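Analysis of the macromolecular model
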Amino acid sequence: MSLINPKILAGAIGVAILMGGVANAQAQAQDPIVIKFSHVVANDTPKGQGAQLLQKLVKERLGDKVKIEVYPNSSLYDDTKGLNALLTGDVQLLAPSMAKLGEYSPSVQLMDLPFLFDDMEAVTRFEQGDGGKQILESMQDNNILGLAYWHNGMRQLTSNEPLIEPKDARGMKLRVEPSDVLAAQINELHAIPRKMAFGEVYQGMQTGVIDGQGGNTWSNIYTQKWNEVQSDMTESNNGVLDYMLITNAKFWNGLPDDVRDTLDDILAEVTESVNSKADELNEQAKKDIIAAGGTEVHELSPEQVKAWRDAMSPVLDEYRDEIGSDLVDAAQQSNTAN
Ligand code: LMR
């Protein structure tokens, strides 16, 4: 005869299963939401620093609920693969240069137009206005939600020959980001645009696959060590390299309200920090490049700047309608502080 009453045994098993279920549910409830943030630049750049600050503040304020994992230097994806991963839910945050987003929204291409903004203050004024808001929301049909604009800086030309006048670029193979608008500018110089992932540029310069590149920021140029493989740089300010912090809209809208609200507050703080420090980081990188030697940095006279602007300007008319004439006008007006 069994010493254990089968009814008691069944009851005990039932309780044990229930308790196990409760423990499991508690463990699941405690698992933090993981947000993977992939990017392609070094930590010591405006975006790299922004990603680290975001990770730190989220740990401090939402540590039990949210964990940010940062993957810098193309260590997880390059930008093209990163965008696909954002759509499939394999990564939740990216901050690509807007030159990478043209295929998702024609209006984003505005930021690639040559000599559109006089300086980063004008970029800020535009982004904070209606036009900036419109572009931030322009990819929702693709399930991409723009959360903020993060600055890097103005674009500078580099090569292995001095680029002082537009005709100096004739025939050169110049790397551009995967943007038709950026490629069109290089075509206007009678040079050859080469669309290439960021992480491949150093080797491209080293092996002569490209002669130079058609515009990037001092902080990117220095942290990617392009100054080791380029003899000449031109302070051309021929465009702006700015980022949009983006997420998968379904993922973001599905977050618990309190978590999303706190993340929004943290993002506002990080954005303020990135945008107030970007100029300084770029200025320092320019000094570091000059101090490292081996590269000549050419400054242009106002007449020389005008010659580059005139050479590239047909691109504005070419893309004005596709981007939206109102947006182009609003961007140009942002050059005058009101
Ligand atoms: C580039 O590809 O040159 C840039 O978009 C890289 C970056 O993220 O700044």
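Residues numbered from 1 in each chain as written. Predicted model: local features only at pLDDT ≥ 70, side-chain atom pairs only at ≥ 80, totals over all residues. Heavy atoms only, no water.

The next subject is the overall build of the protein. Across its full length, the protein carries 13 helices and 11 strands. Principal axes of the C-alpha set define a box for the protein whose edges measure 105 × 40 × 30 Å. Within the protein, the fraction of its 338 residues that count as buried is 49%. Long-range contacts, defined as pairs at least 24 residues apart, comprise 76% of the intrachain contacts of the protein with a sequence gap of at least 6. With the model as given, the accessible surface of the protein reaches about 15,900 Å², and the carbon-plus-sulfur share is 50%. Charged side chains in the protein number 28 positive and 50 negative. The centres of these two groups are separated by 6 Å. (Helix = DSSP H or I, 4+ residues; strand = E, 2+ residues; numbered from the N terminus. Buried < 20%, exposed > 50% of the residue type's maximum accessible area, 1.4 Å probe, protein only. Contact = heavy atoms within 4.5 Å. Areas by Shrake-Rupley, 256 points an atom, 1.4 Å probe, with all protein chains shown as cover. Lys, Arg positive; Asp, Glu negative; His and termini not counted. Charge placed at Lys NZ, Arg CZ, Asp CG, Glu CD.)

Take the layout of surface pockets next. Computed from the structure, the largest pocket encloses a volume of approximately 400 Å³. Forming the boundary of the largest pocket are 15 residues, of which Gln128, Ala148, Tyr149, Thr271 and Asn275 lie nearest the centre. Looking at which element gives the most residues to the lining of the largest pocket, the answer is helix α10 (residues 257–292), with seven residues. Looking at side-chain class alone, the lining of the largest pocket contains six nonpolar, six polar and three charged residues. (1 Å grid on protein atoms, 1.4 Å probe; cavity = no way out; pocket = protein on both sides within 12 Å on 5 of 7 lines; lining within 4 Å. Points joined across faces, edges and corners; volume = space filled by probe spheres on them. Nonpolar A, V, L, I, M, F, W, Y, C, P; charged D, E, K, R; others polar.)

A separate point is the packing of aromatic side chains. Scanning the entire structure with this criterion turns up three aromatic pairs. Measuring from ring centre to ring centre gives 5.9 Å for Phe117 and Phe126, while their planes differ by 50 degrees; the resulting arrangement is tilted. The class for Phe126 is buried, based on a relative accessible area of 3%. Note on Phe198 and Trp226: the rings are 5.7 Å apart at their centroids and 65 degrees apart in plane angle, and the pair reads as edge-to-face. Pair noted here: Phe198 is in the loop between β7 (192–195) and α7 (201–207) and Trp226 is in the loop between α8 (218–223) and β9 (232–235), with a separation of 28 residues, a long-range link. Like Trp226, Phe198 is buried. (Phe/Tyr/Trp six-rings, centres within 6.5 Å; stacked < 30°, edge-to-face > 60°.)

A word on the pattern of salt bridges. For the structure shown, the criterion picks out 17 salt bridges. Where Glu177 meets Arg155, a salt bridge forms, and the shortest distance between an N and an O atom there is 2.6 Å. Residue Glu177 is located in the loop between β6 (173–176) and α6 (180–188), and its partner Arg155 is located in the loop between β4 (144–154) and β5 (156–159); the two are separated by 22 residues in the primary sequence. Comparing Glu177 with Arg155 shows no difference in burial state: the two are buried. A salt bridge links Asp329 to Arg320; the nearest nitrogen and oxygen atoms lie 3.1 Å apart. (Salt bridge = Lys/Arg side-chain N within 4 Å of Asp/Glu carboxyl O.)

With that settled, the discussion passes to the pairing of β6. On any regular strand, side chains alternate: one points to one face of the sheet, the next to the other face. When β6 meets β7, the two strands line up parallel, connected through four bridges. Residue pairing in the sheet places Arg175 in a bridge with Arg194 of β7. The handedness of the β6 to β7 crossover, carried by α6, is right-handed. Of the strand pairs in this sheet, β6 and strand β8 (residues 212–216) are connected by two bridges, and their pairing is parallel. Across the sheet, the residue bridging to Arg175 is Gln213, located in β8. (Pairing = 2+ DSSP bridges. Right-handed = clockwise from strand over helix to strand, strands pointing away.)

Our next topic: the site of the ligand. Close contacts around the ligand come from Val40, Val41, Lys47, Ser97, Lys100, Arg175, Glu177, Phe198, Asn216, Asn220, Leu241 and Tyr243, and that covers them all. Take Lys100: an N or O atom from its side chain is 2.8 Å from an oxygen atom of the ligand. Contact between the ligand and Glu177: an oxygen atom at 2.8 Å from a side-chain N or O atom of the residue. Contact with the protein chains covers 100% of the free accessible surface of the ligand, which is 280 Å². Placement of the ligand is best described as lying within the largest cavity. (Near = heavy atom within 4 Å. Polar contact = N/O pair within 3.5 Å; in protein donor to acceptor, adjacent residues only side chain to side chain. Sits in = over half its atoms within 2 Å of the grid points.)

Moving on, we get to the side chain of Gln230. Tracing the backbone through its elements, the reader meets Gln230 in the loop between α8 and β9. Given the relative accessible area of 1%, Gln230 is considered buried. Of note is the side chain of Gln230, whose polar atom sits 2.7 Å from the side chain of Thr158. In terms of polar contacts, Gln230 uses its side chain to reach the backbone amide nitrogen of Ser159, at 3.1 Å. Aside from chain neighbours lying at most four places away, what touches Gln230 is Thr158, Ser159, Asn160, Met205, Asp211, Gly212, Gln213, Gly294 and Thr295.

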